[in-house]
Amino acid sequence: MSTGELLSSDPSELKFTFELRKQISCSLQLSNKTDNYVAFKVKTTNPKKYCVRPNAGVVLPRSACEVMVTMQAQKEAPPDMQCRDKFLLQKMFNKEAGHVVEECKLRVVYVSPPSPIQEGSEEGSSAGVSVSDGRHANAAEFASGARASTEGLEAQDMSSEARALVTKLTEEKNKAIQQNNKLRQELELLRREGSKSGGGLSFMVVILIGLIGIIMGYIMKKS
């Protein structure tokens, strides 16, 4: 508090909790402890940067007046958070046609804002992230394992069907070969009997040759 004969100002310096790109206000209380009307006026070394409401007025006897000082939003912080701006409070009293003037200088102080995140909340947040990440990882692993298992079962089913088909074709091929060998033996027997009798090939031999051709074509197609 700055105490004068006419007005006392509280606080004695203007403190602004500095934040980038944000308007910041500071209240100044002017108290009149006398039985007279005291006029005041507030000036600053940087009028474009600050807005003072009211910047001039009269304080009634034994009363107080509040002055609001607002700093415009700043795009960058000063080096080391040091401010050279100053305010001048002029107090005036007309005493028997003689002007009494008092002046009081107020300096500007920047204060760093407190951190909104506490260490405990940071640890809790980190733990929460870890648990969440673990849940997501487990879900991803489960989904990947399920897909792999499904693909394995499908491949196993396809392999079983392929083996069954190969087995079936092999059996049919073996039967066809056995039947072909049997027909050849019968054909050879007929040839021998025909040579003994001196006759040509009988109608039965022609039919057997045709059957052999059909069977061989079937075998080649299946293979």
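Residues numbered from 1 in each chain as written. Predicted model: local features only at pLDDT ≥ 70, side-chain atom pairs only at ≥ 80, totals over all residues. Heavy atoms only, no water.

Undergrad: What should I look at first to understand the nonpolar core in this one?
TA: Formed by 27 residues in total, the largest nonpolar core has its most connected members in Phe 16, Phe 40, Tyr 50, Val 69, Phe 87 and Tyr 110. Contributing elements (two or more residues each) for this core: strand 3 (14-17), strand 4 (24-32), strand 5 (38-44), strand 6 (50-53), strand 8 (64-71), strand 9 (86-95) and strand 10 (98-111). Judged by nonpolar contacts, the second largest core, of six residues, contains Leu 183, Leu 187, Leu 208 and Ile 215. (Core = buried A, V, L, I, M, F, W, Y, C linked by side-chain atoms within 4.5 Å. Buried < 20%, exposed > 50% of the residue type's maximum accessible area, 1.4 Å probe, protein only. Helix = DSSP H or I, 4+ residues; strand = E, 2+ residues; numbered from the N terminus.)

Undergrad: Can you walk me through the packing of aromatic side chains in this structure?
TA: In this description, a pair of aromatic rings is defined by centroid distance and the angle of the planes. The final tally for this structure, using the stated rule, is three aromatic pairs. Ring geometry for Phe 16 against Tyr 50: centres 5.9 Å apart, planes inclined by 40 degrees, an arrangement best described as tilted. Here Phe 16 is found in strand 3, whereas its partner Tyr 50 is found in strand 6, with 34 residues between them in sequence. Judged by relative accessible area, which is 6%, Tyr 50 ranks as buried. (Phe/Tyr/Trp six-rings, centres within 6.5 Å; stacked < 30°, edge-to-face > 60°.)

Undergrad: Sorry if this is basic, but what is going on with the confidence of the model for the protein here?
TA: When pLDDT is averaged across the protein, the result is 78; 67% of the residues are at 70 or more. Of the regions scoring below 50 in pLDDT, residues 126-134 engages in zero contacts with residues more than four places distant in sequence or in other chains. (pLDDT = per-residue confidence, 0-100. Contact = heavy atoms within 4.5 Å.)

Undergrad: I keep staring at the environment of Gln 90 and nothing clicks. Help me out?
TA: With respect to the helices, strands and loops of the structure, Gln 90 is situated in strand 9. Judged by its relative accessible area of 14%, Gln 90 falls in the buried class. As for Gln 90 and Lys 43, which are separated by 47 residues in sequence, their C-alpha atoms are 8.1 Å apart. Excluding its chain neighbours within four sequence positions, the residues that come into contact with Gln 90 are Ala 39, Phe 40, Lys 41, Lys 43, Glu 102 and Glu 103. Here the side chain of Gln 90 touches Glu 103 through a polar contact of 3.2 Å, side chain to side chain. (Polar contact = N/O pair within 3.5 Å; in protein donor to acceptor, adjacent residues only side chain to side chain.)

Undergrad: Help me understand the pattern of salt bridges, please; the structure alone is not making it clear to me.
TA: Any two side chains of opposite charge can pair, so long as their charged atoms come close to each other. Evaluated as defined, the whole model comprises six salt bridges. Across the pair Lys 15 and Glu 13 runs a salt bridge whose closest N-O atoms are separated by 3.9 Å. On the basis of relative accessible area, Lys 15 is assigned to the partly exposed category, the value being 48%. The salt bridge involving Glu 102 is made with Lys 91; its shortest N-O contact spans 3.6 Å. (Salt bridge = Lys/Arg side-chain N within 4 Å of Asp/Glu carboxyl O.)

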